[in-house]
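Take a look at the letters that make up each chain.
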Amino acid sequence: MVVHAHTQPGINNSIRAGVDQIHHGAFIDEEGVRGILDRDLWYMPTLRVTCDKNLGAWPDRPWMIEEMSQAQPIHREGARLAHELGVKIAFGCDYPSSKHVWQIGDAALWELMELTWVGLSPMEAIVAATKTTAEAYRLGDLGTLEPGKRADLLVVTGDPLDDVAVLYDQANINLVMKDGVVESAGDEFARHYAIREPQPEDRPQYDPLADAPD
Ligand SMILES: [Zn+2]
């Protein structure tokens with residue numbers, strides 16, 4: 001069971017109710033972090049919800065900008081403390097978000113950078129986004145590259161373990177393989193792989209033109 005909770009007492013109530021994951025925690029306090037730790041739950045901070053970039057996403061909702069601005073340092077301190085104490089950090093961005101500043105897929109990659117800015121190493125952020133989150137959702141065939149699991153992988157220019165922002169620049173993504181099938185490839189790889197033809201159902205189900213609040 002997953003709950004999207006920003007404040008106390010909601011976080012503590014959720015923990016007592018027996019959830020598996022706490023998402024957001026924009027106003028999480030030390031009691032909340034320790035509650036997650038004590039129950040060995042997953043914490044998915046979704047820091048991009050309160051990041052500077054997202055503050056421009058809601059020009060028609062000043063009350064949201066005000067609340068997100070207030071939460072910004074508290075949210076980051078909570079995620080930093082959670083990581084420092086050894087909480088299992090899961091990875092997500094809530095939803096693709098407002099068209100004003102985000103593109104589809106953009107928010108997840110931004111979240112990777114946000115996690116490194118609160119103290120995770122690039123490897124820890126990538127592990128959060130892959131292995132830990134697959135475990136949180138009990139997706140046994142995802143999350144790591146090993147025999148018997150789905151071959152979902154990227155080949156990129158640069159070393160994301162030096163700087164995870166390498167993954168944020170689409171120009172660095174040279175090959176995308178999903179479930180063992182090459183979905184897209186740059187010139188260097190296109191000669192060697194059959195690339196799956198785009199299908200109508202590949203189009204995002206989410207409509208980026210239709211805003212929805214966090
Ligand atoms: Zn949410």
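Positions within a chain are numbered from 1, following the residues in the order the chain's sequence is written. With the structure being a predicted model, the display of local features is reserved for residues of pLDDT at least 70 and the display and counting of side-chain atom pairs for 80 or more, all residues being used for whole-chain, interface and lining totals.

Notes on the overall build of the protein
- The helix and strand labels rest on DSSP assignments: H or I over at least four residues marks a helix, E over at least two residues marks a strand, and numbering proceeds from the N terminus. What the protein contains, in helices and strands, is 7 helices and 7 strands.
- Moving toward the C terminus, one meets the helices and strands of the protein in the order β-α-β-α-β-α-α-β-α-α-β-β-β-α.
- Relative to the 2.2 N^0.38 estimate, which gives 17 Å for 214 residues, the radius of gyration of the protein is 18 Å and therefore close to what a compact globule would have.
- Expressed along its principal axes, the backbone C-alpha trace of the protein runs to roughly 55 × 40 × 35 Å.
- Residue burial is a threshold on neighbouring C-beta atoms within 10 Å of the residue's own C-beta, all placed from the backbone, with 20 or more meaning buried, 12 or fewer meaning exposed, and counts in between meaning partly exposed. When the 214 residues of the protein are sorted by exposure, 29% land in the buried category. The quantity called the radius of gyration is restricted to C-alpha atoms. Its globule counterpart is 2.2 Å times the number of residues to the power 0.38.

Comments concerning the domain arrangement of the protein
- Each domain span listed reflects an automatic or database assignment of domains. Here the protein is partitioned into domain 1 (2–141) and domain 2 (151–199).
- Distance between the C-alpha centres of domain 1 and domain 2: 26 Å.
- The contact criterion used is a C-beta to C-beta distance within 7 Å, with each C-beta placed from the backbone. Each side of the interface is counted separately: domain 1 has 9 residues, and domain 2 has 7 residues.
- Put simply, the parts of the chain that give the side of domain 1 that touches domain 2 at least two residues each are α5 (106–117) and α6 (122–136).
- With 5 residues, the top contributor of residues to the side of domain 1 that touches domain 2 is α5.
- Just so you know the grouping, Ala, Val, Leu, Ile, Met, Phe, Trp, Tyr, Cys and Pro go in nonpolar, Asp, Glu, Lys and Arg go in charged, and all remaining residues, Gly too, go in polar. Each residue belonging to the side of domain 1 that touches domain 2 can be placed in one class, and the counts come to 8 nonpolar, 1 polar and no charged.

A word on unusual backbone geometry
- Following Gln8, the chain continues into Pro9 via a peptide bond in cis, with omega recorded as 5°.
- Here Pro9 is to be found in the loop between β1 (2–5) and α1 (10–17).
- Backbone geometry places His24, a non-glycine residue, at a positive phi of 80°.
- Position of His24 relative to the elements: it lies in strand β2 (residues 21–24).
- His24 gets classed as buried once you count the C-beta atoms within 10 Å, which come to 26.
- Residue Arg138 is not a glycine yet carries a positive backbone phi of 55°.
- Secondary-structure assignment places Arg138 in the loop between α6 and β5 (153–156).

Observations concerning the sheet that holds strand β4 (residues 88–89)
- A pair of strands is treated as paired once DSSP finds two or more bridges between them. Sheet architecture is open: 4 strands sit in the order β1-β2-β3-β4, paired in parallel fashion. With one partner strand each, in any of the chains shown, β1 and β4 form the two edges of the open sheet.
- The sheet contact formed by β2 and strand β3 (residues 42–44) spans 3 bridges and is parallel. In the strand pairing of β3, Gln21 is matched with Trp42.
- Against the sheet, α1 contacts β1 and β2, and its axis sits at roughly 170° relative to β1. What counts as an axis is a line fitted to C-alpha atoms, over the stretch in contact for a helix, and the angles between N-to-C directions run from 0 to 180 degrees.

Examining the sheet that holds β5
- One open sheet accounts for 3 strands, arranged β5-β6-β7; its pairing is antiparallel. Strands with a single pairing partner mark the edges of an open sheet, and in this sheet they are β5 and β7 (181–185). Each adjacent strand pair in this sheet contributes to an overall mean axis angle of 15°, direction not counted.
- One ladder, built from 4 bridges, connects strand β6 (residues 173–178) with β7; its direction is antiparallel.

Looking at the packing of helix α2 (residues 30–38) against helix α4 (residues 62–85)
- Relative to each other, α2 and α4 sit at 35°, their axes nearing to 10 Å. Along this stretch, α2 crosses α4, giving a crossing that reads as right-handed. Judged by residue contacts, Glu30, Val33, Ile36 and Leu37 of α2 engage Gly78, Leu81, Ala82 and Leu85 from α4.
- Grouping the amino acids of the contact of α2 with α4 by side-chain chemistry returns 6 nonpolar, 1 polar and 1 charged. By convention the crossing between two helices is left-handed if the near helix lies anticlockwise of the far one by an angle smaller than a right angle, and right-handed if it lies clockwise.

Quick notes on α6
- By definition here, a helix of n residues has an expected span of 1.5 Å times n minus one. Look at α6: 20 Å from first C-alpha to last across 15 residues, which is about the 21 Å you get at 1.5 Å a residue.
- Of all bends in α6, the biggest is about 45°, found at Ala128.
- Within α6 the residues assigned to the buried category are Pro122, Ala125, Ile126, Ala128, Ala129, Thr133 and Ala136.
- Residues of α6 that are buried in the fold lie against β2, β3, β4 and α5.
- Positive phi shows up at Arg138, right after α6, with a value of about 55°. Two axes define the bend at a residue: one fitted to the seven residues ending there, one fitted to the seven starting there, and the bend is the angle between them.

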